[in-house]
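Chain by chain, the residues:
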Amino acid sequence: SDSYSLSLGRQNVGFSLSQSDASENWTNSQSSIIGTDGVAIKAKELTLTGAVISNQKEDGTDGGNLIVKAEKLTVQDLKDTSTSESIGFGIGVSRQSSKKDGQTSMSLKDGSTSLSFSNSGHDKEGFSRATLGQGEIEVTENPDALAGVYRDISKSQIVTKDEKTGGLDVSMSVSNELIAATA
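Residues numbered from 1 in each chain as written. Predicted model: local features only at pLDDT ≥ 70, side-chain atom pairs only at ≥ 80, totals over all residues. Heavy atoms only, no water.

**Q** Mind showing me how you'd approach the overall build of the chain here?
**A** Of the regular secondary structure elements, the chain holds one helix and eleven strands. Listing each helix as α and each strand as β along the chain from the N terminus yields β-β-β-β-β-β-β-β-β-β-β-α. A compact globule built from 183 residues would reach a C-alpha radius of gyration of about 16 Å, whereas the chain, at 30 Å, exceeds it by more than 25%. Referenced to the eigenvectors of the C-alpha coordinate spread, the extents of the chain come out at roughly 100 × 30 × 25 Å. Counting over 183 residues, the chain shows a buried share of 24%. Excluding contacts between residues fewer than 6 apart, the proportion of contacts in the chain whose partners are at least 24 apart in sequence is 73%. Total accessible area computed for the chain in this model is approximately 11900 Å², and 48% of it derives from carbon and sulfur atoms. (Helix = DSSP H or I, 4+ residues; strand = E, 2+ residues; numbered from the N terminus. Rg over C-alpha atoms; globule rule 2.2 N^0.38 Å. Buried < 20%, exposed > 50% of the residue type's maximum accessible area, 1.4 Å probe, protein only. Contact = heavy atoms within 4.5 Å. Areas by Shrake-Rupley, 256 points an atom, 1.4 Å probe, with all protein chains shown as cover.)

**Q** When you look at the environment of Gly35 in this model, what are you seeing that I'm missing?
**A** If you trace the backbone, Gly35 turns up in strand 3 (residues 32-35). Taking the relative accessible area as the measure of exposure, Gly35 reaches 9% and is therefore buried.

**Q** What exactly am I supposed to notice about the packing of aromatic side chains here?
**A** Aromatic ring pairs: the centre-centre distance and the angle between the two ring planes describe each pair. This structure, assessed with the given rule, holds zero aromatic pairs. Just above the ring of Trp26 sits the side chain of Lys124; from NZ or CZ to the centre is 4.7 Å. Over the face of the ring belonging to Tyr150 we find Arg129, whose NZ or CZ atom lies 4.0 Å from the ring centre. (Phe/Tyr/Trp six-rings, centres within 6.5 Å; stacked < 30°, edge-to-face > 60°. Lys NZ or Arg CZ within 6 Å of the ring centre and 35° of its normal.)

**Q** Can you walk me through the nonpolar core in this structure?
**A** If you look at soluble globular proteins, the nonpolar side chains tend to sit buried side by side. One finds Ile53, Leu66, Val68 and Leu132 to be the most contacted residues of the largest nonpolar core, which totals 16 residues. Contributions of two or more residues to this core are made by strand 4 (39-49), strand 6 (66-76) and strand 10 (135-139). Ile53 has contacts with Ile33, Val39, Ile41, Leu46, Leu48, Leu66, Thr131, Leu132 and Gly133, leaving out every residue within four places of it along the chain. (Core = buried A, V, L, I, M, F, W, Y, C linked by side-chain atoms within 4.5 Å.)

**Q** What's the story with the pattern of salt bridges in this structure? I'm lost.
**A** For side chains of opposite charge, pairing can occur when their charged atoms come near one another. Following the criterion strictly, the structure yields two salt bridges and no others. Glu125 is paired through a salt bridge with Lys79; the nearest N and O atoms lie 3.8 Å apart. In this pair, Glu125 is assigned in strand 8 (residues 103-128) and Lys79 in strand 7 (residues 78-100), connecting sequence segments 46 residues apart. You can call Glu125 partly exposed: its relative accessible area is 24%. Across the salt bridge formed by Lys161 and Asp123, the nearest N and O atoms sit 2.9 Å from each other. Residue Lys161 is found in strand 11 (residues 157-175), and its partner Asp123 is found in strand 8; the two are separated by 38 residues along the sequence. For Asp123, a relative accessible area of 18% translates into the label buried. (Salt bridge = Lys/Arg side-chain N within 4 Å of Asp/Glu carboxyl O.)

Take a look at the structure:
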């Protein structure tokens, strides 16, 4: 999104410009079939896309009491991504009013000039793995599909990259008197 701002007043002038962009394709909560005493599944076709099927104890660890019998198994992990970028800019000039001999005058020299800049964002990647917990898994039609199944429920969703980008934030305010003295 883009935003623009211009402010004009009797004693100040301001300008600001910013642009931001964000994209997220992130699995916040994996789909799951969880049993506390045990899980038994019998299916002709079982499709597991970034989801978890397991028997879990109360403390969240794998109970190992899982029985899955399927003729055909299809598994696919989900790639998770989240990125954002934000850039900003700003400038402001103010002047002060003063009274001399009953007259009010506006002087740029007695004011200040401010400049600001910002740049920030993040880049995050990971996977939500197709996961079957510990237990007995039997696939009759395409047993090679088991090679693509992740079995550790504690790591069914992992972050492979989590970086802050940009990170620049500059702000400066200078007296206009100082600027006039150097000009």
